[in-house]
Amino acid sequence: MSPIRLAFIHARIALLDLLRSPSYVVPTVVFPAMFFVLFDVPFARSHAGVANFATLAFIAWAIVGVAVYQFGVGIAQERGRPWERYQRTLPVSTGVRFAARILCAMAFGLLAATCVALVARALTPIDLSGVQWLQVLAYAIAAGVPFVLFGITIGYWFPARASVPVATAFNLLLAYAGGLWMPPSDLPAIVARISPFLPTRQFGEVLWSVTGNAVPAGAIVGLVLYALGFAALASIGYRRDEQTRYA
């Protein structure tokens, strides 16, 4: 069986397992849209430019939150469970397992992002064409991969109890410093200096480019480098955990 087919099979099983828990699915998918309504919709109603910026920023944050928090913490909690021990006995490579994680996380991330988009369409004067929404979808999938790998890194490097505060801290700090909760120009001076180098800022810039600007090359390079770095760290953490538990 090909690695691609194996990855899709593992992703499908993981999705079915998560979908059996509405108490997990509903908050994961709805929370970013709820946060958007409470904090950004009042400002986004002013005109289309603000609505476009805020909606795209929250779409990015929805995917980041699902990838870093939900899946990072979930992996840390799963590591000692019988199902995880069983999966370790299967003849499946680390790359296949990581690919399945990415597929599963992106499916949930896109669901959460879709909720944000639907709320924006209903409550704000957002002005994006069908082609632009397709661009948003493509960019969100591609730029979301580094954050899933970051979540996997947290899941395999930190124990279950530590993963919750670590993932929460990274999720909130990266969203704030990356300019996803306010225009980057409004960030404090010291934060504004480091913001362009953060993956969340680069994710935001890629999505904001659909409103008429070219996709910034620096953001693409940065996200690729982050993806490679997190993939290496996640792989090391996976092997280290494997040796610790099953050597």
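Structure first, text after, so check above.
First, a word on what this report is: a plain description of the structure on this page. (Residues numbered from 1 in each chain as written. Predicted model: local features only at pLDDT ≥ 70, side-chain atom pairs only at ≥ 80, totals over all residues. Heavy atoms only, no water.)

## A look at the side chain of Thr28
Turning to its location among the elements, Thr28 is positioned in helix H2 (residues 22-39). Within the structure, the side chain of Thr28 is placed 2.7 Å from the backbone oxygen of Tyr24, a separation counted as a polar contact. If sequence neighbours within four positions are ignored, Thr28 has contacts with Val66, Gln70, Phe108 and Ala112. (Helix = DSSP H or I, 4+ residues; strand = E, 2+ residues; numbered from the N terminus. Polar contact = N/O pair within 3.5 Å; in protein donor to acceptor, adjacent residues only side chain to side chain. Contact = heavy atoms within 4.5 Å.)

## Some thoughts on the pattern of salt bridges
Tallying each qualifying case throughout the model produces three salt bridges. Its salt-bridge partner being Arg79, residue Asp241 comes within 3.2 Å of it at the nearest N-O pair. Residue Asp241 is located in helix H11 (residues 217-246), and its partner Arg79 is located in the loop between helix H4 (48-78) and helix H5 (82-88); the two are separated by 162 residues in the primary sequence. Across this residue pair, the class does not change: Asp241 and Arg79 are buried. Where Glu205 meets Arg201, a salt bridge forms, and the shortest distance between an N and an O atom there is 3.0 Å. With Glu205 and Arg201 both in helix H10 (residues 199-208), this residue pair falls four residues apart, about one helical turn. We classify Glu205 as partly exposed; its relative accessible area is 23%. (Salt bridge = Lys/Arg side-chain N within 4 Å of Asp/Glu carboxyl O. Buried < 20%, exposed > 50% of the residue type's maximum accessible area, 1.4 Å probe, protein only.)

## A word on the packing of aromatic side chains
Summed over all chains, the structure comprises 19 aromatic pairs. Seen from their ring centres, Phe31 and Phe35 are 5.8 Å apart, and the 50° between their planes marks the pair as tilted. A residue pair is termed a helical-turn pair when its members lie 3 or 4 positions apart in one helix, as Phe31 and Phe35 do in helix H2 at four residues. (Phe/Tyr/Trp six-rings, centres within 6.5 Å; stacked < 30°, edge-to-face > 60°.)

## Quick notes on the packing of H4 against helix H7 (residues 130-157)
Remark: H4 packs on H7, axes separated minimally by 8 Å, with the N-to-C direction vectors making an angle of 30°. As far as their axial angle goes, H7 and H4 are roughly parallel. H7 is crossed by H4, and the crossing has right-handed handedness. From H4, Thr55, Leu56, Ile59, Ile63, Val64, Ala67, Val68, Gly72, Ile75 and Ala76 reach across to H7, where they touch Trp133, Val136, Ala140, Gly144, Phe147, Val148, Phe150, Gly151, Ile152, Ile154, Gly155 and Tyr156. Looking at the contact of H4 with H7 residue by residue, the classes come out as 17 nonpolar, five polar and no charged. (Axes fitted to C-alpha atoms, helices over the stretch in contact; angles between N-to-C directions. Parallel < 35°, antiparallel > 145°, perpendicular 65-115°, else oblique. Left-handed = near helix turned anticlockwise from the far one by under 90°. Nonpolar A, V, L, I, M, F, W, Y, C, P; charged D, E, K, R; others polar.)

## Here we look at helix H1 (residues 3-19)
Here H1 is 17 residues long and its end C-alpha atoms lie 24 Å apart, about the 24 Å a rise of 1.5 Å per residue gives. Looking at H1, one finds that the buried residues are Ala7, His10, Ala11 and Leu18. Taken down its axis, H1 places every buried residue within 100° of arc, on the same side. The exposed set on the far side of H1, more than 90 degrees from its buried face, consists of Arg5 and Phe8. (Expected span 1.5 Å × (residues − 1). Arc of directions from axis to C-beta.)

## Some details on the state of the cysteines
Inspection of every chain in the model, using the stated rule, returns zero disulfides. Note on Cys104: no disulfide assigned, nearest cysteine sulfur contributed by Cys115 at a separation of 16 Å. The exposure class assigned to Cys115 is partly exposed, which follows from its relative accessible area of 23%. (Disulfide = S-S within 2.5 Å.)

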